[in-house]
Amino acid sequence: MSKPKVYVTRKWPSSVEEKLKALYDVTLNTDDRPLTADEFKSALKNFDAVCPSVCDAFPADVINTADKRCKILGNFGVGFNHIDIHAAKANNIVVTNTPGVLTESTADLAMTLLLMSARRGAEGDRQVRAGQWTGWCPTHMLSSDVTGATLGLIGFGRIAIAMARKAHHGFGMKIIYFSPRTADQSVADELKAERCATLPELLAAADYVSLHCPGSPETRHLINADSLKLMKPLAHLINTARGDVVDSQALIDALQHRQIAGAGLDVYEGEPNINPGFLTLDNVTLLPHLGSATLSTRTAMGNRVLANLADFFGGKEPQDRVV
Ligand code: DGY
């Protein structure tokens, strides 16, 4: 029997690409070039499985392509807001993701941004590189304490809980969260985590607000001019979730007017294009969507896609099926 034809949209860690080559009739993107909607349509027509990454858009008009061969979208990433899952379902295309394996690395990066924003890390690095540092003095680049401060988490899934553990056990932070669901009692007890009944309650109480909700029409611009006004003037906003959860222009205005102290961002509306207003601000730390970017995590993500493909082509229900 011939091997299933698999199309991978971006370069993956080489150990996973080698496994793909051994198992499937695979087409890899060796140049790692971002592909066009027409190239995605052609992949859907000519391959049994297409494996997109989290910035490859598969809206309804792409998924509705006529004469498709594709039966599964094996997404390389936990977030799947770039795929129209209703269109996928209507077209009998299975969609899988990679939950669990990127939890700790993404939570580590959220803590990195929190610490950098609080302690003005990126700004200090720029000052040293520019030759502008004139030496230690008692009032140089004063910043905010992390230890003992209150961390407010919006969304309280795997990554938020992992960040809360690092913040609470490592930095003695008080944990509050806003989420549709109450945390398991064991987690709440371990972290002494308190659930806020409303978003405004969390925004008014937190010294650091970290976003962990999925990207969706419901969460688009959850953080906007009104919600930013509710944050403490010395608070920082951290986003490792999805760019469009935050209204970029409203955040730029709030940072410019020192309505809040700072922000640490890993994701952006319309990324990789970034609102140029961010680039001239000293009180924002900007990272290029590095949340899961460790070699072991990205390898584990690739292996998780492989496991989902193996289940699917072996006639089993893929463990990470989302639709
Ligand atoms: C994901 O998997 O959704 C992440 O954003 C990738 O880092």
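Cut-offs and rules
- Residue positions are counted from 1 within each chain, in the order its sequence is given.
- With the structure being a predicted model, the display of local features is reserved for residues of pLDDT at least 70 and the display and counting of side-chain atom pairs for 80 or more, all residues being used for whole-chain, interface and lining totals.
- Excluded from the side-chain calculations are hydrogens and water; all other atoms, namely the structure's heavy atoms, are used.
- Secondary structure counts use DSSP, requiring at least four H or I residues in a row for a helix and at least two E residues in a row for a strand, with both numbered from the N terminus.
- Here's how the labels work: a residue is buried when its accessible area is under 20% of the maximum for its type, exposed when over 50%, partly exposed in between, all with a 1.4 Å probe on protein chains only.
- Two residues qualify as a contact provided that any one of their heavy atoms is within 4.5 Å of a heavy atom in the partner residue.
- Salt bridge criterion: a side-chain nitrogen from Lys or Arg within 4 Å of a carboxyl oxygen from Asp or Glu.
- A fitted line through C-alpha atoms serves as each axis, taken over the contacting stretch for helices, and the angle formed by two N-to-C directions is quoted from 0 to 180°.
- Between 65 and 115 degrees an angle is taken as roughly perpendicular, under 35 as roughly parallel, over 145 as roughly antiparallel, and anywhere else as oblique.
- Throughout, a crossing is termed right-handed when the near helix is turned clockwise from the far one, and left-handed when it is turned anticlockwise from it by less than a right angle.
- Residues are sorted three ways: Asp, Glu, Lys and Arg are charged, Ala, Val, Leu, Ile, Met, Phe, Trp, Tyr, Cys and Pro are nonpolar, and all the rest, Gly among them, are polar.
- Only strands joined by at least two bridges in the DSSP assignment are considered to pair.
- Think of a 1 Å grid over the protein atoms and nothing else: a 1.4 Å probe that fits but is trapped marks a cavity, an open set flanked by protein within 12 Å on at least five of seven lines marks a pocket, and residues with an atom within 4 Å of a point count as lining.
- Grid points are joined across faces, edges and corners, and a volume is the space filled by probe spheres set on the points.

### Re the overall build of the protein
1) Next: What the protein contains, in helices and strands, is 12 helices and 12 strands.
2) Next: If one aligns the C-alpha atoms of the protein with their principal axes, the spans along those axes are about 75 × 50 × 35 Å.
3) Next: Relative to its full complement of 323 residues, the protein shows a buried share of 49%.
4) Next: Taking the intrachain contacts of the protein between residues at least 6 apart in sequence as the baseline, contacts between residues at least 24 apart amount to 62%.

### Some details on the pattern of salt bridges
1) Next: Counted under the stated rule, the structure contains 18 salt bridges.
2) Next: Where D32 meets R10, a salt bridge forms, and the shortest distance between an N and an O atom there is 2.9 Å. One end of the pair, D32, is in the loop between strand 2 (25-27) and helix 2 (37-46); the other, R10, is in the loop between strand 1 (5-8) and helix 1 (14-23), and 22 residues separate them in sequence.
3) Next: Here D32 falls in the partly exposed class, since its relative accessible area comes to 31%.
4) Next: Between D311 and K316 there is a salt bridge, with the nearest N and O atoms lying 3.9 Å from each other.
5) Next: Assessed through its relative accessible area of 16%, D311 is described here as buried.
6) Next: K316 sits in the exposed class, given a relative accessible area of 55%.
7) Next: Overlapping salt bridges, with partners in common, bring together E104, D108 and K166 in one network.

### Comments concerning the environment of L153
1) Next: Within the secondary structure, L153 sits in strand 6 (residues 150-154).
2) Next: Owing to a relative accessible area of 0%, L153 belongs among the buried residues under this scheme.
3) Next: In this structure L153 touches A160, M163, A164, I175, I176, Y177, F178, L202, S210 and H212, once residues within four positions along its chain are discounted.

### Brief notes about unusual backbone geometry
Glycine aside, residues mostly have negative phi, and peptide bonds are mostly found in the trans state.
1) Next: In the segment running from E271 into P272, the intervening peptide bond is cis, with an omega of 10 degrees.
2) Next: Phi is positive for D32, which is not a glycine, with a value near 55 degrees.
3) Next: A positive phi angle, near 55 degrees, is found at N92, a position not held by glycine.
4) Next: Looking at where N92 falls in the secondary structure, it is placed in the loop between helix 4 (85-90) and strand 5 (94-96).
5) Next: Given the relative accessible area of 64%, N92 is considered exposed.

### Here's the deal with the packing of helix 1 against helix 12 (residues 295-313)
1) Next: Interhelical geometry of helix 1 versus helix 12 gives an angle of 20 degrees and a closest axis separation of 9 Å. Overall, the two elements helix 1 and helix 12 adopt an arrangement that is roughly parallel. Where helix 1 crosses over helix 12, the handedness of that crossing is right-handed. For the pair helix 1 and helix 12, the contacting residues are S15, V16, K19, L20 and L23 in the first and T299, G302, N303, L306 and L309 in the second.
2) Next: Among the residues making up the contact of helix 1 with helix 12, the classes are represented as five nonpolar, four polar and one charged.

### Here's the deal with the sheet that holds strand 5
1) Next: An order of 2-1-3-4-5 is seen for the five strands of this open sheet, with the pairing classed as parallel. Both outer strands of the open sheet, strand 2 and strand 5, are each paired with one neighbouring strand and no more. Averaged over all adjacent pairs, the angle separating strand axes in this sheet is 20 degrees, with direction ignored.
2) Next: Two strands pair when backbone bridges link them, and strand 3 (residues 49-51) and strand 4 (residues 72-74) are joined in this way by two bridges, in the parallel orientation. For A49, the partnering residue across the bridge sits in strand 4 and is I72.

### Focus on empty space enclosed by the protein
1) Next: The full count for this structure, using the stated rule, is one cavity of 30 Å³ or more.
2) Next: There is about 60 Å³ of room inside the largest cavity.
3) Next: In terms of lining, the largest cavity is formed by N239, G243, V246, S248, L251, L265, V267, Y268, E269 and F278.
4) Next: Grouping the constituent residues of the lining of the largest cavity by class yields six nonpolar, three polar and one charged.

Such coordinate-based values are descriptive only and should not be taken to indicate function.
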